[in-house]
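One letter stands for each residue in the lines below.
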Amino acid sequence: MTTPSDDRYIKGRALARAARRGPLASLYDDPNVAGMAYGRRTVRGTRTDEPAVVVYVLRKTPARFLPTSRMLPRRMYFGGDFVEIDVVETGPFHALAFTDRERPAPNGVSVAHVDVTAGTLGSLVADGADGSLNILSNNHVLADVNEGAPGDPILQPGPADGGTVTGDTIARLNRFVRLNATGNIVDAAIARVINPDDVVDRVKNDLIPVATPDHPAVGLLFAGSSTRTLVNPIDAVLNRLDVSFLHDGDVTADVDVGTNVEKVGRTTEYTTATVTEIDVSVSVDYGEHGVLRFDSQFATAHMSEPGDSGSLVYRGGTGGEDGSGGCPTTAALARLLGRDLSLDAAVERDFRERYLGRTRVGRFLIEAYFAYEDRAVARMRAARIDEDDRRFLQRLYDTYAETLRAVALQPNRADLVFTEEHLREIRRIVVRLREYFTAGAAGVVDEVLGIVAEFVGRTVPEILQALDDPDLLRRVTELARRAGYAPRTDAAGGEAGGG
Amino acid sequence: MADPRSLHEVRAVLAEHREELMRRFSAAGVGIGRPDPGGSYVITVYVTDPAHARVTPDPIDGVPVRCLPAGPFHAQNG
């Protein structure tokens with residue numbers, strides 16, 4: 001094995017550096033290349049002692065699918081010397097999680113009152129009463145929905161992210177705008193920073209600038225549903241709390257329907273969306289504290305998840321209204337897979353309306369799905385998908401998307417047959433992803449697979465014909481009922497909505 | 001079809017009918033939207049019942065009303 005003092009290691013490292021600066025430098029422009037490093041070649045999962053330039057790629061593509069211009073040699077020669085080249089699939093690299101402890105702590109990271117789970121450090125502000133340096137976030141993040149008292153410890157990261165009073169107290173609750181049952185404009189609080197060196201007036205990873213006249217703050221994010229994010233207007237927040245941002249000038253702005261906004265938050269990090277409604281009056285569920293009414297809010301397309309509360313929202317970004325023609329399922333899947341699914345969504349919609357929806361079982365399944373779409377999307381968005389599982393799903397998509405599109409576009413083709421191998425693949429998927437199923441779905445999945453197994457050897461038209469069988473509809477209806485997914489409407493009638 | 005209303009006019013109509021709309025649709029919220037970026041402002045009702053999402057209510061004082069499945073809303077601590 002080579003060590004850093006071996007001649008071979010030293011020479012290999014020099015050759016690797018020369019290769020990266022010379023013939024391989026253009027790889028940095030390849031969107032599939034995440035980076036390069038010096039290491040050792042790995043063969044069938046085992047690291048050898050051959051020095052190598054390791055090329056990190058988002059996705060490894062079989063050689064037969066690569067144009068020759070993108071093929072890499074196995075080794076690169078420099079005169080009589082050479083260095084190995086090894087391509088490793090790493091997926092994208094991410095900065096440290098926004099849930100870590102950070103000193104100084106920037107805007108956008110995890111923070112919370114000692115009795116709260118976690119929210120987002122929205123911004124630094126100056127207290128109008130005494131000029132002291134404070135953290136701005138929501139009442140329900142810093143003051144535990146009115147339960148907190150001035151002086152209570154504020155932790156970075158929040159308790160849900162491992163923050164403790166002894167090691168992570170960064171500020172103390174200063175004051176909050178009281179939340180009440182009858183009507184609210186803001187969900188806001190400030191906490192006085194204990195040591196000014198523990199915070200920095202920048203946004204995490206400098207993803208976006210702080211509030212400036214060119215990049216004004218427009219609101220404080222506090223709530224959301226599966227399709228909308230709710231935001232307090234920023235001027236109301238600053239006025240009610242009697243605080244100001246640390247920068248001079250007019251650094252706040254109003255929004256209108258259509259304004260693009262962006263934020264950085266503890267859970268979904270950087271997101272951008274378009275303002276969909278203004279002058280919003282809305283009821284928001286605060287768990288054990290009840291449902292509270294808010295007025296004069298604005299709403300954006302979905303751009304947040306639990307833990308993003310307290311994020312400062314700015315004018316900017318490219319916006320977007322779900323990025324999927326308004327279909328929350330497609331938007332959630334696209335975010336999960338990191339793929340543009342707009343083509344798939346269009347193809348699926350056509351297949352659903354022209355073929356699947358014309359069968360008894362198909363109509364029932366479509367109705368059942370859309371009756372529970374909100375829940376399904378919320379589960380998908382809230383699921384902490386393991387990175388290995390995400391890559392597994394991406395590989396599935398990349399392997400089967402083209403075939404499924406062909407099926408959906410030309411379902412009458414007789415050469416597309418559901419095979420034993422397809423069934424085995426579905427079983428592998430179920431085993432791999434079973435932990436993400438609801439208890440109800442997990443309880444019936446084996447019987448569903450039993451029905452799917454009956455389709456082996458059949459063409460798509462034959463399967464569609466089978467899906468119109470009243471007996472099969474009865475079996476599927478019973479399974480859906482046991483799984484807790486029976487639609488409220490009559491399966492035989494009505495139009496399926498959504499997308 | 002009624003003439004497009006200004007934002008000011010739509011605000012006034014919404015202010016007058018806000019509570020009635022919330023009650024009628026058991027709504028999670030109401031607001032002012034603009035489905036067509038170049039078009040008219042409309043009153044948007046956030047409904048939680050899928051059956052309500054399929055309803056196209058009559059305009060109120062000439063202002064179109066649309067129902068969107070957009071609730072329930074939750075405070076977003078993690």
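Residues numbered from 1 in each chain as written. Chains lettered and ligands numbered in written order. Predicted model: local features only at pLDDT ≥ 70, side-chain atom pairs only at ≥ 80, totals over all residues. Heavy atoms only, no water.

Peer 1: Can you tell me about the environment of Asn239(A), naming the residues and giving the values?
Peer 2: Along the chain, Asn239(A) turns up in helix 4 (residues 234–241). Asn239(A) sits in the exposed class, given a relative accessible area of 61%. (Helix = DSSP H or I, 4+ residues; strand = E, 2+ residues; numbered from the N terminus. Buried < 20%, exposed > 50% of the residue type's maximum accessible area, 1.4 Å probe, protein only.)

Peer 1: Got a sec to walk through the nonpolar core? Specific residues and values, please.
Peer 2: In this structure, Ile278(A), Leu21(B), Ile43(B) and Val45(B) are the most contacted members of the largest nonpolar core, which totals 32 residues. Top contributing element to this core by residue count: helix 1 (residues 7–24) of chain B, with six residues. With near-sequence residues (within four places) excluded, Ile278(A) lies in contact with Val255(A), Asp256(A), Val257(A), Gln297(A), Phe298(A), Leu7(B), Arg11(B), Gly31(B) and Ile32(B). Judged by nonpolar contacts, the second largest core, of 25 residues, contains Val407(A), Leu416(A), Leu472(A) and Val476(A). (Core = buried A, V, L, I, M, F, W, Y, C linked by side-chain atoms within 4.5 Å. Contact = heavy atoms within 4.5 Å.)

Peer 1: Tell me what's going on with the interface of chain B and chain A, and back it up with residues and numbers.
Peer 2: Counting residues at the interface gives 31 residues for chain B, matched by 41 residues for chain A. For the pairing of chain B and chain A, the buried interface totals around 2600 Å² over both sides, and the portion due to carbon and sulfur atoms is 45%. By the criterion of area lost to chain A, the three top residues of chain B are Phe73(B), Gln76(B) and Gly78(B), representing 28% of everything that side buries. Between the two partners, chain B and chain A, sit three salt bridges. Across the pair Arg11(B) and Asp279(A) runs a salt bridge, and its minimum N-O distance is 2.6 Å. Elements supplying a minimum of two residues to the side of chain B that touches chain A: helix 1, strand 1 (29–33), strand 2 (42–47), strand 3 (65–69) and strand 4 (73–75) of chain B. Residues of the side of chain B that touches chain A, tallied by class, amount to 15 nonpolar, nine polar and seven charged. Here two bridges tie strand 18 (residues 269–285) of chain A to strand 4 of chain B, and the two strands are oriented parallel to one another. Counterpart to Val284(A) in the pairing with strand 4 of chain B is Phe73(B). (Buried area = accessible area lost by both parts, 1.4 Å probe. Salt bridge = Lys/Arg side-chain N within 4 Å of Asp/Glu carboxyl O. Nonpolar A, V, L, I, M, F, W, Y, C, P; charged D, E, K, R; others polar. Pairing = 2+ DSSP bridges.)

Peer 1: Could you give an account of the packing of aromatic side chains, naming the residues involved and the relevant values?
Peer 2: Residue and element names in this part refer to chain A. Counting across every chain of the model gives five aromatic pairs over all chains. Between the aromatic rings of Tyr77 and Phe82, the centroid separation amounts to 5.5 Å while the plane-to-plane angle is 50°, which identifies the pairing as tilted. One aromatic cluster is present, built from ring pairs that chain together Phe222, Tyr286 and Phe294. Positioned above the aromatic ring of Phe392, the side-chain terminus of Arg432 is 4.6 Å from the ring centre. (Phe/Tyr/Trp six-rings, centres within 6.5 Å; stacked < 30°, edge-to-face > 60°. Lys NZ or Arg CZ within 6 Å of the ring centre and 35° of its normal.)

Peer 1: Please set out the side chain of Thr300(A) residue by residue, giving values where relevant.
Peer 2: When you line up the elements, Thr300(A) lands in strand 19 (residues 291–301). Apart from residues lying up to four places away in sequence, Thr300(A) is in contact with Thr227(A), Arg228(A), Thr229(A), Val231(A), Val261(A), Ala273(A), Thr274(A), Val275(A) and Thr276(A).

Peer 1: Residue-level account of helix 10 (residues 420–433) of chain A, with values.
Peer 2: Residue and element names in this part refer to chain A. End to end, helix 10 covers 20 Å across 14 residues, agreeing with the expected 20 Å (1.5 Å per residue, within 8%). Looking only at helix 10, the buried set comprises Leu423, Glu425, Val430 and Leu433. One face of helix 10 carries all of its buried residues, which in axial projection span an arc of 160°. (Expected span 1.5 Å × (residues − 1). Arc of directions from axis to C-beta.)

Peer 1: Which residues make up the sheet that holds strand 9 (residues 133–137) of chain A, and what values do they have?
Peer 2: Residue and element names in this part refer to chain A. Overall, antiparallel pairing links the eight strands, which are arranged 7-6-10-11-12-9-8-16 in an open sheet. Of all strands in the sheet, those with a lone pairing partner are strand 7 (119–120) and strand 16 (243–245), marking the two edges. Two elements, strand 11 (residues 169–176) and strand 12 (residues 189–193), share five bridges in a ladder whose sense is antiparallel. Residue pairing for strand 12: Arg175 is matched across the bridge by Ile190. On top of the sheet, helix 4 reaches strand 9, strand 11, strand 12 and strand 16; it is set at about 130° to strand 16, its chief contact. (Axes fitted to C-alpha atoms, helices over the stretch in contact; angles between N-to-C directions.)

Peer 1: Please provide a residue-by-residue account of the environment of Ala75(B), values included.
Peer 2: Mapping Ala75(B) onto the fold places it in strand 4. Since its relative accessible area comes to 14%, Ala75(B) is described here as buried. Those residues within four positions of Ala75(B) in sequence are excluded, and the remaining contacts are His140(A), Phe222(A), Ala223(A), Val284(A), Asp285(A), Tyr286(A) and Ser309(A).

Peer 1: So, the confidence of the model for chain B: which residues are in play, and what are the values?
Peer 2: Residue and element names in this part refer to chain B. Taken residue by residue, chain B gives an average pLDDT of 88. The fraction at 70 or more is 94%. Confidence, expressed as mean pLDDT per element, reaches its minimum in chain B at helix 2 (residues 50–53) with 71 and its maximum at strand 1 with 96. The ipTM for the predicted assembly is 0.91, set against a pTM of 0.62. (pLDDT = per-residue confidence, 0-100.)

Peer 1: If you had to explain the pattern of salt bridges to someone new, which residues and values would you point to?
Peer 2: Side-chain pairing between opposite charges can occur once the charged atoms of the two side chains come close. Residues and elements named next belong to chain A. For the structure shown, the criterion picks out 31 salt bridges over all chains. Asp130 is the partner of Arg192 in a salt bridge, and the nearest nitrogen-oxygen pair spans 3.0 Å. Highlighted residues: Arg192 in strand 12 and Asp130 in the loop between strand 8 (123–127) and strand 9, separated in sequence by 62 residues. By relative accessible area, which is 34% here, Arg192 ends up partly exposed. Taking the relative accessible area as the measure of exposure, Asp130 reaches 48% and is therefore partly exposed. Notably, a salt bridge pairs Arg391 with Asp388, separated by 3.2 Å at the nearest N-O pair. With Arg391 and Asp388 both in helix 9 (residues 387–409), this residue pair falls three residues apart, about one helical turn. Looking at Arg391, the relative accessible area reads 23%, which means it is partly exposed.

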